Amino acid sequence: VLTAHGLIDNAGPQPPLQIRSIMKTNASYSRKFRLSAVLMGIALTGLVSTACATATEYRAPAAHPVDMATLEVNSPAPLVTATLDDGSTLELATLYAKGPLLVYFYPKSGTPGCTRQACNLRDNFEELTDHGLQVIGVSRDSVKSQTGFRDKQKLPFHLVADNDGVLGDAFGVPRSLGLVYARQSFLIVDGKVAWIDRHATPDTQAQDALAALEALSK
């Protein structure tokens with residue numbers, strides 16, 4: 001076939017101009033679509049890699065031990081060795097033998113609620129001892145933190161630095177986020193759990209413990 005310039009056109013018959021224009025437009029869209037698909041694939045690959053890396057690096061807080069004790073009234077009091085704020089160790093059995101003992105667990109030394117709770121016991125300590133009631137506080141703070149808290153608030157009783165959670169687990173005290181103890185109190189009399197306050201009130205801790213102790217004598 002001769003073209004208008006007398007040359008042979010090997011491409012064969014050409015479609016009308018309007019159709020060729022549509023074909024060029026479609027080809028352009030096709031290239032753009034393929035490019036978009038490639039870019040989207042790269043982006044998705046990056047997101048998946050980031051998600052996988054995040055999932056690998058994240059570690060959820062430790063859960064409660066499955067064998068954590070569940071104490072009830074009349075349960076034998078746990079026989080545990082505690083580390084006190086002065087760094088010394090103490091067998092709780094030694095305190096049990098001396099008379100009634102209030103073991104109170106609190107979240108963290110120096111926080112507002114825990115300070116009010118400790119100060120309530122401090123301010124009423126003479127009345128507590130008049131009734132023969134001993135007191136010991138427990139949190140997962142370090143020995144240094146417990147020493148600082150006790151000295152700052154002039155507490156007349158010892159605090160336990162239960163870093164490893166052994167004492168809390170023995171008493172079955174839950175932990176928020178697997179870290180800090182719930183505010184719970186236990187009254188130990190004659191080597192047994194005589195009273196449990198699973199939602200201890202900071203501002204009336206001493207009064208609540210005394211009321212429980214007096215109720216036992218009736």
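Predicted model only: the values in this text are computed from it and were never measured.

Caption draft 1: How the structure looks around the pattern of salt bridges. Per the counting criterion, the structure on display carries five salt bridges. Notably, a salt bridge pairs K108 with D141, separated by 2.9 Å at the nearest N-O pair. Taken as a pair, K108 in the loop between β3 (101–105) and α3 (112–123) and D141 in the loop between β4 (134–139) and α5 (143–153) lie far apart in primary sequence, 33 residues in all. For D141, a relative accessible area of 5% translates into the label buried. Notably, a salt bridge pairs D169 with R175, separated by 2.7 Å at the nearest N-O pair. Accessibility classification places D169 together with R175 in one group, the buried group.

Caption draft 2: Structural context of a negative patch on the surface. Together, E126, E127, D130 and E214 make up a negatively charged patch on the protein surface. Looking at which element gives the most residues to the negative patch, the answer is helix α4 (residues 125–130), with three residues. Assignment of secondary structure puts E126 in helix α4. Given the relative accessible area of 61%, E126 is considered exposed.

Caption draft 3: Local environment of the packing of α3 against helix α7 (residues 205–216). Interhelical geometry of α3 versus α7 gives an angle of 55° and a closest axis separation of 7 Å. When the axis of α3 is compared with that of α7, the two are oblique. Where α3 approaches α7, its residues Q117, N120 and L121 are matched on the opposing element by Q205, A206 and Q207. Taken together, the residues that form the contact of α3 with α7 break down as two nonpolar, four polar and no charged.

Caption draft 4: Region of interest: the sheet that holds β4. The strand order across the open sheet formed by five strands is β5-β4-β3-β8-β9, and the pairing between neighbours is mixed. If you trace the sheet from one side to the other, it starts and ends with β5 (158–161) and β9 (192–197), each paired once. Averaged over all neighbouring strand pairs, the angle between strand axes comes to 25°, with direction disregarded. In terms of strand pairing, β3 meets β4 through five bridges, oriented parallel. Bridged to L102 within β4 is V135. Here α3 sits on the sheet in contact with β3, β4 and β8 (184–189), set at roughly 165° to β3. Here α5 sits on the sheet and contacts β4 and β5; the angle it forms with β5, its principal contact strand, is near 160°.

Thresholds applied
Residues numbered from 1 in each chain as written. Predicted model: local features only at pLDDT ≥ 70, side-chain atom pairs only at ≥ 80, totals over all residues. Heavy atoms only, no water. Salt bridge = Lys/Arg side-chain N within 4 Å of Asp/Glu carboxyl O. Helix = DSSP H or I, 4+ residues; strand = E, 2+ residues; numbered from the N terminus. Buried < 20%, exposed > 50% of the residue type's maximum accessible area, 1.4 Å probe, protein only. Patch = residues over 30% accessible without salt bridge, like charges linked within 9 Å, V, L, I, M, F, W, Y side chains within 5 Å. Areas by Shrake-Rupley, 256 points an atom, 1.4 Å probe, with all protein chains shown as cover. Lys, Arg positive; Asp, Glu negative; His and termini not counted. Charge placed at Lys NZ, Arg CZ, Asp CG, Glu CD. Axes fitted to C-alpha atoms, helices over the stretch in contact; angles between N-to-C directions. Parallel < 35°, antiparallel > 145°, perpendicular 65-115°, else oblique. Contact = heavy atoms within 4.5 Å. Nonpolar A, V, L, I, M, F, W, Y, C, P; charged D, E, K, R; others polar. Pairing = 2+ DSSP bridges.

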